[in-house]
Amino acid sequence: MRSRIYISASRAARSLLSASKTSRFCSEGRAVAAAAAVSLNGKVPLLASAYGNSGSANASRGRLSGVFTLPVAAYMLQDQEAHAAEMERTFIAIKPDGGQRGLVAEIICRFERKGFKLVAIKMLVPSKEFAQKHYDDLKEKPFFDGLCEFLSSGPVIAMVWEGEGVIKYGRKLIGATDPQKSEPGTIRGDLAVVVGRNIIHGSDGLETAKNEINLWFQPQELVSYTSNAENWIYAVN
């Protein structure tokens, strides 16, 4: 009786052979192979001996381009995990002035048009004590108290956005802290005038993003899902 290992490997091979007609690994093939590798703890046989030297298999299913020397399912899983690792999350907040000026939809639209994915959003009026936690790294600055007073002066739209390079590029979308030094086309460059009312906040690094997301959101408030648009944003031809 065939083992589960070979059954799962066979399924991965069938997906791979089907995708080979276009010389690319299709998303279905990757999913099947990844599932096989996970369910079997990575114990996947080499497929070279099963298909690479089989004339009948090549004739009936189409010839593979080369002999595989790695466990195919494990290779696909590694590729999928590498892609997932590139999906960063960042914290973005529309400050009270942004909400009062009716710029919430405009700001969200800019992140969506870029291709980033919204995974959490809520509106709240933070207390001054909460604002002090958020700006803890600035507590020695002379403007700290005024900054906290402003953040707690009205509704804040707190969000978490996901995507490849979302932290770095999110900052580019936002623009420089001083709107008058921000490039045209950025949120602050287009929509703000003075530094004290620069309408938006964004995490400036991986550690900051992690801390700010944990401060503003409970784990159950973050949603993990696959957007239908992702294939059109990240897929490689």
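Use the structure listed above.
Being a predicted model, the structure only gives us computed values, none of them experimental.

Counting its regular elements, the protein chain contains 13 helices and 4 strands. Out of the 237 residues belonging to the protein chain, those deemed buried represent 40%. Considering only intrachain contacts with a sequence separation of at least 6, the fraction spanning at least 24 residues in the protein chain is 76%. Accessible surface for the protein chain amounts to roughly 13,900 Å². Of this, 52% is attributable to carbon and sulfur atoms.

What follows concerns the pattern of salt bridges. One pass over the structure, following the stated rule, counts 9 salt bridges. Residue K128 is joined to E149 by a salt bridge in which the shortest nitrogen-to-oxygen separation is 2.9 Å. Remark: E149 occurs in helix α9 (residues 144-151) and K128 occurs in helix α8 (residues 128-134); sequence separation between them is 21 residues. Taking the relative accessible area as the measure of exposure, K128 reaches 22% and is therefore partly exposed. Of the charged contacts in the structure, one is a salt bridge between D136 and K139, with a shortest N-O distance of 3.6 Å. For D136, a relative accessible area of 40% gives the class partly exposed. Members of the salt-bridge network, linked through shared partners, are R89, K117, E162 and E230.

Judged by nonpolar contacts, the single largest core of 19 residues is most densely connected at I107, F111, W161 and I200. Residue assignment for this core shows that the elements contributing at least two residues are β1 (87-94), α7 (104-114), β3 (156-164), α10 (166-174) and α11 (187-191). The greatest single-element share of this core, amounting to 4 residues, is contributed by α10. With near-sequence residues (within four places) excluded, W161 lies in contact with E88, R89, T90, I92, I108, F111, E112, F116, K117, L118 and V166.

A separate point is the sheet that holds strand β2 (residues 117-124). Judged by pairing direction, the sheet is antiparallel, and its 4 strands sit side by side in the order β2-β3-β1-β4 without closing on themselves. Edge strands, defined here as strands with exactly one partner in the open sheet, are β2 and β4 (200-202). Put simply, the sheet's adjacent strands are angled 20° from each other on average, direction ignored. Relative to β3, β2 runs antiparallel, the two sharing 7 bridges. From the neighbouring strand, M123 faces β3, where its bridge partner is I157. In the packing of α7 onto the sheet, contacts are made with β1, β2, β3 and β4, and the angle to β3 comes to roughly 10°. On the sheet, α10 packs against β1, β3 and β4 and is oriented at approximately 30° with respect to β1.

Here is what the cut-offs are and how they apply
- Residues numbered from 1 in each chain as written.
- Predicted model: local features only at pLDDT ≥ 70, side-chain atom pairs only at ≥ 80, totals over all residues.
- Heavy atoms only, no water.
- Helix = DSSP H or I, 4+ residues; strand = E, 2+ residues; numbered from the N terminus.
- Buried < 20%, exposed > 50% of the residue type's maximum accessible area, 1.4 Å probe, protein only.
- Contact = heavy atoms within 4.5 Å.
- Areas by Shrake-Rupley, 256 points an atom, 1.4 Å probe, with all protein chains shown as cover.
- Salt bridge = Lys/Arg side-chain N within 4 Å of Asp/Glu carboxyl O.
- Core = buried A, V, L, I, M, F, W, Y, C linked by side-chain atoms within 4.5 Å.
- Pairing = 2+ DSSP bridges.
- Axes fitted to C-alpha atoms, helices over the stretch in contact; angles between N-to-C directions.

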